[in-house]
Every structure is written in C-alpha cells, then in structure tokens.
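Topology and contacts: notes
Residue-level listing of the chains:
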Amino acid sequence: MFEGFSTRDVDGPAGKLRTLQAGSGAPLLLLHGHPQTHAMWHAVAGELARTFTVVMMDLRGYGDSARVASDAEHHAYSKREMARDAMAVMKAFGFERFQVLAHDRGARVAHRLAADHPHAVERLMLLDIAPTLAMYGTTTDAFARAYWHWFFLIQPPPLPEALIESDPVRYVRSVMGKRHAGLAAFAPAALAEYERCAQIPGTATGICEDYRASATVDLLHDRADVAACLRLPQPLRVLWGEHGTVGQCFKVLDLWRERAQDVSGMSLPCGHYIAEEAPTLLLAQAFEFFKP
C-alpha cells in the first residue's frame, strides 16, 4: 500500500514507534484513528508525498508500535504522553516544526500536541472530531448509542479487554462496519492490517487505556486549558462526515472556535472514515490548506 515509503522504528519516550516516511518538501505528520493503524492513509499518502515530506506513525498501543504498561491514573495513554511520542518521531527525522493531518484518536493527540508544543506545530487539520471535553460534557442519547464504544472501553479492566480479546477481528469489523459506509469503505489490504494488529497481544489493553485516559486525565488537561483561557494559536481546519455522528450531534465549528483562534472547516459527503471514503476530497482540502 505504501510503495516508495521507508519503514523505521523510532525509540519513543516509552518504547518503539513504527513509522513510515517518503517525499520531500515541508514535513507533514499523519496520525491515525481507532481501531486502525497508519494503513488508513493508503489512499492519500502517496499523493501527499509528491509535495510534502510525509511521516506516518502508529500510536502507542496500536499498529506495530509498543504496547505500553499503564497506570491507575491512565497517564501512560494520556494524549499528552502520546503527543510526546509524536514529538520524538519528528525530531528523529530532523524536524523541529511541522504540520499535522490527523483522524479520530490521532486528532485528539494532535489537539494536545498543538496545545503543548505550539512552537512545533505550524498548522493542523483534524478529521471528524469535536473537542473531547465537549463531546463527553454534552453527551446525548443519540451520541451514546452511536458511540457506544466510548462508554464500553472506559469500563474497569479486565472486562472490556477480555471481550475484545475473545475475538479481535469481530471487534474491528463490528466497530468499523456499522458506520455509514459499512466495511465496503475499506480496501482489503488495509482491513487485513487492522485485523492483524488487533490480534497482537496487548492491543486490547492499549485501546481501552487510550479511551480511559480520554475520560479522565485528558479531561483534566483540557479543563486546565479552558480555565487558563488557552486557545490553539495555529490555523486549524476541521472536516467531518456529513453522514457521521459528530456532525449530527455537535456544532463542530462553534466548539472548535472555543478552543482555537483561527478555525475553518466544513462537512464532506461521507461518513466517519474520510481518508478512505472520500480521499479525493480530502486531498483537495489538504493541498489547499497545508503550506508546501
């Protein structure tokens, strides 16, 4: 799926981080969502690499990156720690300043990355999320039913882990296949990668800890930003799927304008998985927004 890309394992703050890199020009970091890996970018990465130096990474707990031991407060999977991973990766490639394109869980990492390291992040584009604090704080029946996994995965161990590990492939197919476009949206090779990585020991724990952190320590960090009246200084472009839950349940641009100074965005005629459902439209947005 990634002809011309080189694979490299980078030593991050808490273990190995799998990365792929290709292209030349301004550095652009791509961060994936749940329950996926860097493979979700297969339809756009090659085209982006014609203009940018594209760096993809698997988040800790996902793909072929390290499964990190967690702690009672879930700090190990806080978006602050995951953002430190991203900084380590970009520094390993020699980049002190870069742009970010991120989806779903990766977009939550990107939000914290831009907040904690404003000197490093030049621009960011987030796909199909509203701010975590707003999504938990204004949960509705419709959101809870559509995003049931947000509330399942944060339950105390070991129940969520045990249920996922009983059939990881079924978990991946159930979570991804019940959205707008079904499993038809995913290239067979990409889906096979998501399924392979879901079966790696420790993945279920990594997934659950990612979500547990979002419902606990990440909210503390977000509330601290709000209390200090901190807003992202970088230009922010937010895209969401017209047929997805985020746009239907939240006023996406209004919520992001509370958290960032320079916000633009729109819905696209697709569901949650924008990079795989509408790659041509995403590329058009990326080439218009990012600086080569």
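Everything that follows concerns the structure shown earlier in this document.
All of the points below concern the structure found in this document. (Residues numbered from 1 in each chain as written. Predicted model: local features only at pLDDT ≥ 70, side-chain atom pairs only at ≥ 80, totals over all residues. Heavy atoms only, no water.)

The next thing to look at is the overall build of the protein. Counting its secondary structure elements, the protein contains 15 helices and 8 strands. For 292 residues, the compact-globule estimate of 2.2 N^0.38 gives 19 Å, and the C-alpha radius of gyration of the protein, at 17 Å, lies within 12% of that figure. Pairs at least 24 residues apart make up 77% of the contacts formed inside the protein by residues separated by at least 6 positions. Accessible surface, the protein: about 11,200 Å² in total, of which carbon and sulfur atoms supply 53%. Counting 29 positive and 33 negative side-chain charges, the protein places the centres of these two groups 2 Å from one another. (Helix = DSSP H or I, 4+ residues; strand = E, 2+ residues; numbered from the N terminus. Rg over C-alpha atoms; globule rule 2.2 N^0.38 Å. Contact = heavy atoms within 4.5 Å. Areas by Shrake-Rupley, 256 points an atom, 1.4 Å probe, with all protein chains shown as cover. Lys, Arg positive; Asp, Glu negative; His and termini not counted. Charge placed at Lys NZ, Arg CZ, Asp CG, Glu CD.)

So, about the packing of aromatic side chains. Counting across every chain of the model gives 14 aromatic pairs. Seen in terms of ring centroids, Phe143 and Phe250 are 5.3 Å apart; in terms of plane orientation they differ by 75 degrees. Their pairing is edge-to-face. Of this pair, Phe143 sits in helix α5 (residues 141-146) while Phe250 is found in the loop between α12 (245-249) and α13 (252-257), placing the two residues 107 residues apart along the sequence. Ring centres 6.5 Å apart and planes at 85 degrees place the aromatic pair Phe186 and Tyr194 in the edge-to-face group. Tyr194 carries the same exposure label as Phe186, and that label is buried. Taken together, the ring pairs in this structure connect Tyr136, Phe143, Tyr147, Trp150, Phe151 and Phe250 into an aromatic cluster. Above the face of the Tyr211 ring, Arg105 is positioned so that its terminal group lies 3.7 Å from the ring centre. (Phe/Tyr/Trp six-rings, centres within 6.5 Å; stacked < 30°, edge-to-face > 60°. Buried < 20%, exposed > 50% of the residue type's maximum accessible area, 1.4 Å probe, protein only. Lys NZ or Arg CZ within 6 Å of the ring centre and 35° of its normal.)

What follows concerns the nonpolar core. Among soluble globular proteins, nonpolar side chains are generally buried collectively. Within the largest apolar cluster, 59 residues are counted, with the highest numbers of intra-cluster contacts made by Leu29, Leu31, Phe98, Val100, Leu113 and Leu126. Ignoring anything within four residues of it in the chain, the contact list for Leu29 reads Val55, Met57, Ala86, Met90, Phe98, Gln99, Val100, Leu101 and Leu113. With 40 residues, the next largest nonpolar core counts Val172, Phe186, Ala275 and Phe289 among its residues. (Core = buried A, V, L, I, M, F, W, Y, C linked by side-chain atoms within 4.5 Å.)

As a further point, take helix α10 (residues 203-214). For α10, with 12 residues, the first-to-last C-alpha span of 17 Å sits near the 16 Å given by 1.5 Å per residue. Of all the 12 residues making up α10, 11 are buried; the element is thus mostly covered by neighbouring parts of the structure. For α10, the set of buried residues is Thr203, Ala204, Gly206, Ile207, Cys208, Glu209, Asp210, Tyr211, Arg212, Ala213 and Ser214. (Expected span 1.5 Å × (residues − 1).)

So, on to the pairing of strand β4 (residues 53-57). In terms of residue burial, β4 counts as a mostly covered element, since 5 of its 5 residues are buried. By the alternation rule, side chains of β4 split into Thr53, Val55 and Met57 and Val54 and Met56, which are all buried. Pairing between strand β2 (residues 15-23) and β4: 5 bridges, direction antiparallel. Considered in β4, the bridge of Gln21 is made with Val55. (Pairing = 2+ DSSP bridges.)

Moving on, we get to the side chain of Arg18. Mapped onto the fold, Arg18 is located in strand β2. On the basis of relative accessibility, which here comes to 19%, the residue Arg18 falls in the buried class. Looking at Arg18, its side chain comes within polar contact range of the side chain of Asp9, at 2.5 Å. Leave out the neighbours within four places in its chain, and Arg18 touches Thr7, Arg8, Asp9, Met56, Met57, Asp58, Asp64 and Ser65. (Polar contact = N/O pair within 3.5 Å; in protein donor to acceptor, adjacent residues only side chain to side chain.)

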